[in-house]
Amino acid sequence: MPTPTDPGAPTPGGTTPIIEFRDVEKRFGDNVVLKDLNFHVNKGERVTLIGPSGSGKTTILRLVMTLEEATDGMILIDGDPLTHRIDGGKRVRLSNKEIKKTRTRIGMVFQQFNLFPNMTVLENITESPIHVLGQSKAEARAKAKDLLHKVGLDDKADAHPSSLSGGQQQRVAIARALAMDPEILLLDEVTSALDPEIVDEVLGILRNIADTTDITMLIVTHEMQFARDVSDRVLMFDGGAIVEDADPHTMFTAPTHDRTKKFLRAVLGEGQIGTR
Ligand SMILES: Nc1ncnc2c1ncn2[C@@H]1O[C@H](COP(=O)(O)OP(=O)(O)OP(=O)(O)O)[C@@H](O)[C@H]1O
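In this text, all values refer to a predicted model and were calculated from it rather than measured experimentally.

Draft legend 1. View of the overall build of the chain. Within the chain, the regular secondary structure consists of 9 helices and 12 strands. At 19 Å, the chain has a C-alpha radius of gyration in line with the 19 Å of a compact globule built from 276 residues. Structurally, the chain occupies a C-alpha span of about 55 × 50 × 40 Å along its principal axes. Within the chain, the fraction of its 276 residues that count as buried is 36%. Contacts in the chain between residues far apart in sequence, at least 24 positions, make up 61% of those at least 6 positions apart.

So this is what it looks like as structure tokens:
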């Protein structure tokens, strides 16, 4: 097993973790949201976080994206500290430059799309590849067009986000995240703000990405069927702690923990565990 002095060591299965939480604490004032949280995600794995509202799922994604920083402990990306390292027994924050370098390996899609309203769809997608990765305009535009094709929006390159439906805006947000060639894709309730009839179109695109790439995915979703279809592993959270860690078949058909059973009954409906 990895030890605090041995970052990124292979797990017993021989696979290197690409995301590793070590004794992570996150508090907002007096509110301790995560306490001594330890878990890892292996390269190429798709891991879904489920659990009741307020259990800390979004906070975990925001920590990986460096939108928040842990108040104690360490997060490692591919063996490298993300925001803090231990130096001579002391917890030291990395420089902004070091943090930014690791962050470019990670992409995130949010519930509320977060597109730049004054830019066209194409500009939204090319902005970071040009300004963060230093790609040429031509290279970034070619890649963006390719991605727009992939998400079924070839004809929307010159449109502004406000003229698009919610589902179309979310597809642009997915293309924008992919334009950075992320090794890790974080999906935070990406269909929660969408009308029910367009949820499937967005989930279909994500299923396709899961099927055709080896991007590591960390997913927060209330779409249990989607979680069951794409995940290698499902982590059930409650009160900022993992109460169950299982493959999706086990989690959704034969959960062992009472808290998981109660949660899934509430989400899926009485008698639904094992039938979906
Ligand atoms: N920026 C913040 N400032 C203060 N408290 C916060 C902040 N972000 C999250 N929290 C608190 O952290 C806790 C966990 O929130 P989080 O959004 O991670 O939960 P969640 O499991 O994703 O919930 P949901 O399923 O409702 O999205 C909550 O008590 C929340 O109020």
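The discussion continues.
Draft legend 2. Structural view of the site of the ligand. Within the structure, the ligand sits among Phe28, Asn31, Val33, Gly51, Ser53, Gly54, Ser55, Gly56, Lys57, Thr58 and Thr59. Elements supplying a minimum of two residues to the shell around the ligand: strand 2 (31-42) and helix 1 (57-64). When residues in the shell around the ligand are grouped by element, the largest group, 3 residues, is from helix 1.

Draft legend 3. Unusual backbone geometry, seen in detail. Positive phi is not limited to glycine here, since aspartate 78 has a value of about 55°. In this structure, aspartate 78 sits in the loop between strand 4 (72-77) and strand 5 (80-81). Positive phi is not limited to glycine here, since aspartate 181 has a value of about 50°. By the element assignment, aspartate 181 lies in the loop between helix 5 (166-178) and strand 9 (184-188).

Draft legend 4. Here's a closer look at the sheet that holds strand 5. Read from one edge to the other, the open sheet built from 4 strands follows the order 2-1-4-5, with strand pairing classed as antiparallel. Two strands bound the open sheet, and with one partner strand each, they are strand 2 and strand 5. One ladder, built from 2 bridges, connects strand 4 with strand 5; its direction is antiparallel. Paired with leucine 76 across the bridge in strand 5 is proline 81. Sitting on the sheet, helix 1 is in contact with strand 1 (17-28), strand 2 and strand 4, with an inclination near 115° to strand 1.

Draft legend 5. Examining the packing of helix 5 against helix 6 (residues 196-212) more closely. Contact geometry of helix 5 with helix 6 gives a least axis separation of 9 Å together with a crossing angle of 15°. In terms of axis orientation, helix 5 runs roughly parallel to helix 6. Seen along the crossing, helix 5 lies across helix 6 with a hand that is right-handed. Here Gly166, Gly167, Gln170, Arg171 and Ile174 of helix 5 lie close against helix 6, whose contacting residues are Ile198, Glu201, Val202 and Ile205. When its residues are assigned to classes, the contact of helix 5 with helix 6 shows 4 nonpolar, 3 polar and 2 charged.

Draft legend 6. A look at the UniProt feature "domain: ABC transporter" (unreviewed entry) in the chain. UniProt annotation of "domain: ABC transporter" (unreviewed entry) refers to residues 19-264 when read in the numbering used here. Summarising residues 19-264: 37% helix, 28% strand, and an end-to-end C-alpha distance of 26 Å.

Draft legend 7. Quick look at the sheet that holds strand 3 (residues 46-50). Strand order in this open sheet of 6 strands is 8-9-10-3-11-12, and the pairing throughout is mixed. At either margin of the open sheet sits one strand with a lone partner, and together these are strand 8 (106-109) and strand 12 (241-246). On average, each strand axis in the sheet is inclined to that of its neighbour by 20°, with strand direction left out of account. For strand 3 and strand 11 (residues 233-238), the ladder comprises 4 bridges, and the chain directions are parallel. From the neighbouring strand, valine 47 faces strand 11, where its bridge partner is arginine 233.

Conventions we followed
- Residues numbered from 1 in each chain as written.
- Predicted model: local features only at pLDDT ≥ 70, side-chain atom pairs only at ≥ 80, totals over all residues.
- Helix = DSSP H or I, 4+ residues; strand = E, 2+ residues; numbered from the N terminus.
- Rg over C-alpha atoms; globule rule 2.2 N^0.38 Å.
- Buried ≥ 20, exposed ≤ 12 C-beta atoms within 10 Å, placed from the backbone.
- Contact = placed C-beta atoms within 7 Å.
- Near = placed C-beta within 6 Å.
- Pairing = 2+ DSSP bridges.
- Axes fitted to C-alpha atoms, helices over the stretch in contact; angles between N-to-C directions.
- Parallel < 35°, antiparallel > 145°, perpendicular 65-115°, else oblique.
- Left-handed = near helix turned anticlockwise from the far one by under 90°.
- Nonpolar A, V, L, I, M, F, W, Y, C, P; charged D, E, K, R; others polar.
- UniProt positions renumbered as here; feature names shortened; annotations may be inferred.

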